[in-house]
Amino acid sequence: MHSFRFIHTADIHLDSPMRGLSDDVPGVAERLRLATREALTALIDTAIERKVDLVVIAGDLYDGDWRDYQTGVFFVRQMHRLAAAAIPVYLIHGNHDAQNQMTRSLSLPDNVHVFSHEAAETKIIDGLDVALHGTSYAERAVTDNLVPGYPAPIAGAFNIGVLHTGLGGRGGHANYAPCSLDELTAKGYDYWALGHVHGAEVLAEHPHVVFSGNLQGRSIRETGAKSAYEVVVEDGRVAELRPIYCDVARWAESGVDVSAADDFNDVIAAMRLAIETGADAVDGRLLAIRLRLTGTTALHDSLAAAPERLLAEARAAASGLSSTPVYVEKVKQATEPELDATTRRERQDALGEMQRLLDEATNDPDIRAMIEKDIRRLAERLPHEIREHADDALLRAAIDGDTATLIDGAGDYLLSRLAADESAP
């Protein structure tokens, strides 16, 4: 059996809208919007430079129907580059680019094979003794187990299964095409190239069952390095998995302890240090970072009352870095006040009255029911994308009907504003 190398990638989500961006930092935000294209270009560059024998894309090449044809034109152009290098591509469609999700299409070059959405099929590369088995999604929500329908392995070949699956809802992803790890390892294939779960993970070896993860992080929910795998096969066995880091931007969340801060300047200095530390860790890539202020501090109320200033100060600090471009996505205020709820409740002033009203809203079932009804009606009007991808704690609580968290969060903000106003000169 021949030795060969191939690239396994998935969840490229080409031209996916980056979530959490603001035009307040136009240059960096625009670069983030192009990140999925740049990541794919980098992957194709690597495939050509390393002269791999084939490329496997395990679903969600696209992020749904294109806004215009330029998304498809860009992908076709990259496939022509591989065709010129005599590198074939085998891909399946997943839930985001399922057959019924796409109303536009372009002809692909002959080196690209898209597996059928009607039934699992096998493609054999005779010169390499490789057999690839796969099927595309016909519709977004595939709830059937597809593994039993995959063909039997081809004797004497290195068998690669290409599948887009939630594998039991792994990583919080929707459990599309549900199956078990035992089913995959028992199929008789040598390598399962999986997609859908955005965290890279090797679930089994010999046979290998591998999620490549997504190629480029797209929001604060997708932090850390993102990659594809170069798979080295020698004498019919996987000899090595080499991560290929093609991401051009990395998302990160950094905790900033401000318990020792005496004033706003100390907080700004702590945020600047966290930004610099984060920038040092991304190897020159663009850093998209969320700062989370923590610690018990007398500054809690003034910090909670000034979210716009905190974000502006953090972005100003980031703009001073010359070596690494940084986008501060958000500053989350998660500090604790030195004045606890019990002490506030006993005060005979506006602050104490506000705390008692919040307690009543939390404990009175009639008030809670009224709040839940109003919030549910508002949440149902939100667009699907916001409901699915919201990561703000209060917005998430509203969408999920978590009234207690919503009251706590909104109450903390109101109390902090009130306390800050009372302490203002």
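Residues numbered from 1 in each chain as written. Predicted model: local features only at pLDDT ≥ 70, side-chain atom pairs only at ≥ 80, totals over all residues. Heavy atoms only, no water.

Novice: Quick question: what am I supposed to make of the overall build of the protein here?
Specialist: Within the protein one finds 13 helices and 17 strands. Of all 425 residues assigned to the protein, the portion counted as buried reaches 47%. For the protein, the share of sequence-separated contacts (at least 6 apart) that also reach a separation of at least 24 residues comes to 69%. Surface exposure of the protein reaches about 19100 Å², of which carbon and sulfur atoms provide 49%. (Helix = DSSP H or I, 4+ residues; strand = E, 2+ residues; numbered from the N terminus. Buried < 20%, exposed > 50% of the residue type's maximum accessible area, 1.4 Å probe, protein only. Contact = heavy atoms within 4.5 Å. Areas by Shrake-Rupley, 256 points an atom, 1.4 Å probe, with all protein chains shown as cover.)

Novice: Teacher, can you tell me more about the pattern of salt bridges here?
Specialist: Pairing is possible between side chains that carry opposite charge, provided their charged atoms lie close to one another. Enumeration over the complete set of coordinates arrives at 14 salt bridges. Glu230 is paired through a salt bridge with Arg5; the nearest N and O atoms lie 2.6 Å apart. With Glu230 in strand S11 (residues 228–234) and Arg5 in strand S1 (residues 4–9), this residue pair connects regions lying 225 residues apart in the sequence. Given the relative accessible area of 22%, Arg5 is considered partly exposed. Where Asp247 meets Arg250, a salt bridge forms, and the shortest distance between an N and an O atom there is 2.7 Å. Look at the salt bridges and you will find they share partners, linking Arg5, Arg50, Glu230, Glu240 and Arg242 into a network. (Salt bridge = Lys/Arg side-chain N within 4 Å of Asp/Glu carboxyl O.)

Novice: Which parts of the structure should I look at to understand the packing of aromatic side chains?
Specialist: The geometry of an aromatic ring pair is captured by the separation of the ring centres together with the interplanar angle, meaning the angle of the planes. Evaluation of the coordinates by the stated rule reveals 8 aromatic pairs. Relative to Phe158, the ring of Phe4 lies with its centre 5.5 Å away and its plane at 80°, an arrangement referred to as edge-to-face. Of this pair, Phe4 sits in strand S1 while Phe158 sits in strand S7 (residues 158–164), placing them 154 residues apart in sequence. Their ring planes at 70° and their centres at 5.2 Å tell us that Tyr62 and Trp66 sit as a pair that is edge-to-face. For Trp66, a relative accessible area of 6% puts it in the buried group. Among the aromatic side chains, those forming a connected cluster through ring pairs are Phe4, Phe6, Phe158 and Tyr191. (Phe/Tyr/Trp six-rings, centres within 6.5 Å; stacked < 30°, edge-to-face > 60°.)

Novice: Honestly, the sheet that holds strand S5 (residues 121–125) in this entry has me stumped. Any pointers?
Specialist: Either a parallel or an antiparallel arrangement is found when strands of a sheet pair, and the pairing is made through backbone hydrogen bonds. Sheet architecture is open: 6 strands sit in the order S5-S6-S7-S8-S10-S9, paired in mixed fashion. Two strands close off the open sheet at either side, each with one partner strand: S5 and strand S9 (201–204). The average undirected angle you get between the axes of adjacent strands in this sheet is 20°. One ladder, built from 5 bridges, connects S7 with strand S8 (residues 191–195); its direction is parallel. (Pairing = 2+ DSSP bridges. Axes fitted to C-alpha atoms, helices over the stretch in contact; angles between N-to-C directions.)

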